[in-house]
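Fold and geometry: a report
Here is how the chains run, residue by residue.
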Amino acid sequence: MKSKNFTFPPPLRGNNFFLLLFGIFWMLSSHTVFSQTQVTGTVTDTEGMPLSGVTVMEKNTNNGVITDFDGNYSISVSDAAILVYSFVGFKQEEISFTGQSAIDVQMEEDLEALSEVVLIGYGSQKKGDVTSAVASVKAEDFIQGNVKDAAQLIQGKVAGLTISNPSGDPLDGAQVLLRGVSSINASSTPLVLVDGIPGNLQTVAPEDIASIDVLKDGSATAIYGTRGTNGVIIITTKGGDGEIVPTIDYNGYVSIQEIARKLDFLDASELRDLYSQGFEFTGANVEDFGATTDWVDEITRQPISTVHNLTFRAGNKTSNITATLNYRDNKGIFIKSDNKRYTGRIDVNHKMFNDKLNSNFQVIASEQSYYDFPNYAYRQALIRNPTEPVQNEDGTWYERDVYFYDNPVGLIEESYQDNRQRNLQFTGNFTYELFPTLKLQALYTRKGNYGIFGYYETKNHVSTTKNGIGGYASRSTNDYIGNYGQLTANYEESFGDHKFTALAGYNYEDNTYEGFSANNRNFPSDAYSYNNLGIGQGLELGEAGMSSYKNSNTLIAFFGRINYNYDDRYLLMLSLRHEGSSRFGENNKWGSFPGVSVGWRINEESFMEDADWIDILKLRGGYGVTGTNAGANYQSLASLNYDSYFLYNNRWIRELIPVRNPNPDLKWERKEEVNIGLDFSFWEGRVNGSFDYYDRTTKDALYNYNVPVPPYLYGSIVANVAEIQNSGFEALINVNPVQTEDFNWDANFTYSTNSNKLVSLSNDQFQATNDFFDAGYTGEPIQINTHRTIVGGPIGNFFGLKAVGVNDDGIFLIETPDGDVIPATESTNADRQVIGNGLPNHYASWNNQFRYKNWDLSVNLRGAFDYQVLNFARMFYENPNIAYNTLDSAYDPAYGTAVISDIQRYTSYYLEDGDFVKIDNATLGYTFDTGNIDLVQNFRIYASGLNLYTFTGYKGVDPEVNRLGFAPGNDERDTYPSTRTFTLGVNLTF
């Protein structure tokens, strides 16, 4: 193995960004020689197993190398050098060079270092000392392949955290839900922190993430106050501290996609067979138009996506730097459906004043350009008559004057988009060790997001050819600026068997959003598209549009936490956050959010001394209160707006009307949660995991109430009245069934179940019109809500007609709530009832990692059980009497009795069991021996597949559909279909 020796360049002066980048590259690739003596050797553990990735440094220099896959290294050193060997989980070794040409080193495990550290609110803690429900997933356990965002990295890895990808759209991220739906009007998305700063799941590239920690219960998240109700996801990016051998990591891969499962509609030959049998069609299928067209194929493609990620690292105990560059070109299965993103991050650490002051500076910048695919075009491709041509003989798009029936290829090809988003975030973080027991920290972040969007429909677009728009253009912008400041003090002290840590802090955050949009129509030419809005005639005709907005909010908080550990047996955590929000009413600007949890490490008791097979047995319990910030800015304030015009003194004056009532009592939604857990580890960690039971109640949930006018100015008001309850059980079990010199197998199991209930909607002051509310919507022509949530009942209930068969004429037979059976033609809305539920009662996953010599294989399976899915495609297109193309199954006898001749109806016939098990991810990799490869320290290739196969009885595209909100389980007819992805990639370290 050929080695590399490194030294830092002289200090850079000035602010030239390109000079800085040049300096980074020079620092990482310089080859200054310090000595003529070459030292080789092998690093192993105490059992003789080679250790790959050990850092070997010449002390007090930047000269260093990393051991290869077999633990070998080679380094040039100066006379009287001291070699330092360091590796995570092992004690650091120092050996003096006295002229020997070979130095073999045996490293000893550091049991203290092996105690896994997890992130908690505003700090970290040894996992053995944690008393709350916290999960941690490291990079080596992430889902591999072309994932959409950070959430997909831990899909199926954290019990109780539901992560799904119901859409194959490259713009759509994963859906995330922790421990059920806990709010009616507010978001159910967890708070996401990136290196401690509020962000989102796409703030940094997935390849730049080192670990993800999830705070699940109220005692853990109470310190985040009004943003902790839905849990907290803490993302830690790759960085470094101390001695870092200068390296360049490259991770690149190419991916292809296909629709995971296609709906089976009539093709041209099947339609002609029905014509020949004398079947009479209506509407779009009224005749054979002579062509043979696969409309879905016309708007799809074989997309090839590429991702490239570069990471640069170098440093010593005083200064180090990490810089990453990421390029993602993700293409969807539909034409034009593209999403490109460029992301860069620079992270610099520097220590001063005898290492008492640690400073960190981080810059994250990204740019995204994309095409927002119109799902309506996919619907049109599904229902289009397959005997119609795509174009007329003269090259124009073939169209027919049928309601909501448009050529999908023309829809896409005759519209243009230019959508760009730019993000910039700067963070400065200073930590000063005032005393060995007291550290002070100051952090400030400035965030900005700017977007500009353009859209144009040409004169050949259906909006003109059918509706006479004459070309349509729109242009819009948005802008976001945020400031985030944080001051904390951390104190640690030990007195014999007593250990204390204390945290006190202040937090400030403000956010400002603004934007502008305009549109016009009737353009003289397509030449300008959206770049010259003023020439459209719609402006003079009063058909143009214009709007703008600006709003802001502020959060201020004081918080503190105390951790107490007695004799490593009895553990206590107390926290309190006092927080104020500009969104709250005048009478409730501030709220307090306490958290408390305790732990008992049973294995440390004297009566457990003989149970040497037990490593950890810890019982813990916690209680915490969190909140939900009022859903929108200014909801507590009265608002007036301008409406229609009226004539006064021969002048047209715009009417000023109330549009919102004031509510000075508006406050946070209060979630109270109890969590009881058990952590365990047996046989030196070969079996470990945790069990958790939780019960959470959301009180004062926001809901919109009808109120009388007068005395109120407006007919509705948002108030804190409703109550929701969730409870559940979670299990995580990690096992290491086989561990030999050449073969290792690690397995991970998760299970969770959740039950929920709407406890109330009314109180003495505000009463709901009904003891239920409806959600979800079928769309035309059925036009009815799909779900109903009833006080005392669970969230996610489907509410419709219960079909028990069809009569000989093909009309649905409906069972009424009273048990009578009537034809659907005689049914009314009063005959609707609960017919299923769209939220799974059970979730499970089984994750496996295998290693055989240089080969590695990971296989991840995940499932959801005991729930239903409303198949919109069947509900709309499994009916031979509709005006569009139909599914093949439309001509099968329903219930084995007769082909449906009823109108389109929402009935339980289209409700299916959604139970599934998915092979989520399978990755096979091979790591080469790089001992004889110049400059290359690590070289791995791999092949990966995502969403490989679904075991299910569901007849639609994918049973994993939307689970957010109060209409879960609706498989909409024009949802961008889920996809199967295959990836070939390479990991290189230089």
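What comes next concerns the included structure.

What counts as what
Residues numbered from 1 in each chain as written. Predicted model: local features only at pLDDT ≥ 70, side-chain atom pairs only at ≥ 80, totals over all residues. Heavy atoms only, no water. Helix = DSSP H or I, 4+ residues; strand = E, 2+ residues; numbered from the N terminus. Rg over C-alpha atoms; globule rule 2.2 N^0.38 Å. Buried < 20%, exposed > 50% of the residue type's maximum accessible area, 1.4 Å probe, protein only. Contact = heavy atoms within 4.5 Å. Areas by Shrake-Rupley, 256 points an atom, 1.4 Å probe, with all protein chains shown as cover. Lys, Arg positive; Asp, Glu negative; His and termini not counted. Charge placed at Lys NZ, Arg CZ, Asp CG, Glu CD. Patch = residues over 30% accessible without salt bridge, like charges linked within 9 Å, V, L, I, M, F, W, Y side chains within 5 Å. Salt bridge = Lys/Arg side-chain N within 4 Å of Asp/Glu carboxyl O. Pairing = 2+ DSSP bridges. Phe/Tyr/Trp six-rings, centres within 6.5 Å; stacked < 30°, edge-to-face > 60°. Lys NZ or Arg CZ within 6 Å of the ring centre and 35° of its normal. Arc of directions from axis to C-beta.

1. Digging into the overall build of the protein
Looking only at helices and strands, the protein features 9 helices and 50 strands. The C-alpha atoms of the protein give 31 Å as radius of gyration, which agrees with the globular expectation for 990 residues (30 Å, within 12%). With the C-alpha coordinates aligned to their principal axes, the bounding extent of the protein is approximately 95 × 70 × 70 Å. Counting the 990 residues in the protein, one finds 53% classified as buried. In the protein, of all internal contacts separated by at least 6 residues, the share reaching a separation of at least 24 is 69%. A total of about 42800 Å² of accessible surface is found on the protein, and carbon and sulfur atoms cover 54% of it. Side chains of the protein carry 74 positive and 120 negative charges; the gap between the two charge centres is 6 Å.

2. Side note on a negative patch on the surface
A contiguous patch of negative charge on the surface is contributed by Asp-264, Asp-267, Asp-273, Asp-294, Asp-297 and Glu-298. Among the secondary structure elements, Asp-294 is positioned in the loop between helix H4 (268-276) and helix H5 (295-299). Here Asp-294 falls in the partly exposed class, since its relative accessible area comes to 47%.

3. Some words on the pairing of strand E25 (residues 498-521)
Note that strand E24 (residues 472-495) and E25 share 24 bridges and pair antiparallel. By the bridge assignment, Leu-487 is partnered in E25 with Tyr-506. In this antiparallel pair of consecutive strands, E24 and E25, the connection spans 2 residues, and Gly-496 shows a positive phi of 60°. Here E25 pairs with strand E26 (residues 545-566) via 22 bridges, running antiparallel. Looking at E26, one finds that Thr-501 is bridged to Asn-563.

4. Description of the side chain of Ser-752
Of note, Ser-752 is situated in strand E35 (residues 743-760). Ignoring any residue separated from it by four or fewer positions in sequence, one finds Ser-752 in contact with Ala-159, Gly-160, Phe-729, Glu-730, Asn-841, His-842 and Tyr-843.

5. Points about a nonpolar patch on the surface
Residues Ile-562, Tyr-570, Leu-574, Val-596, Trp-600, Phe-607, Leu-619, Tyr-623, Val-674 and Ile-676 make up a contiguous nonpolar surface patch of roughly 850 Å² in combined accessible area. For the nonpolar patch, the secondary structure elements donating two or more residues are strand E27 (570-581), strand E28 (590-601), strand E29 (614-628) and strand E32 (669-682).

6. Regarding the side chain of Thr-697
Mapping Thr-697 onto the fold places it in strand E33 (residues 687-706). Classification of Thr-697 as buried rests on a relative accessible area of 11%. The residues touching Thr-697, leaving out its near neighbours within four places in the chain, are Arg-670, Lys-671, Glu-672, Glu-723, Ile-724 and Gln-725.

7. Notes on the packing of aromatic side chains
A full pass over the atoms with the stated rule returns 47 aromatic pairs. When the ring of Phe-682 is compared with that of Trp-683, the centres are 5.8 Å apart and the planes differ by 75°; the resulting orientation is edge-to-face. Taking 4.7 Å as the distance between ring centres and 70° as the angle between the ring planes, the aromatic pair formed by Tyr-949 and Phe-951 counts as edge-to-face. Judged by its relative accessible area of 44%, Tyr-949 is partly exposed. Sitting above the plane of the Trp-295 ring, Arg-384 keeps its charged end 5.2 Å from the centroid. The ring centre of Phe-772 lies 3.8 Å from the NZ or CZ of Arg-788, which sits over that ring.

8. Some words on H4
What H4 keeps buried is the set Ala-268, Leu-271 and Leu-274. The buried residues of H4 occupy one face: seen down the axis, they fall within an arc of 125°. Positive phi shows up at Gly-278, right after H4, with a value of about 85°.

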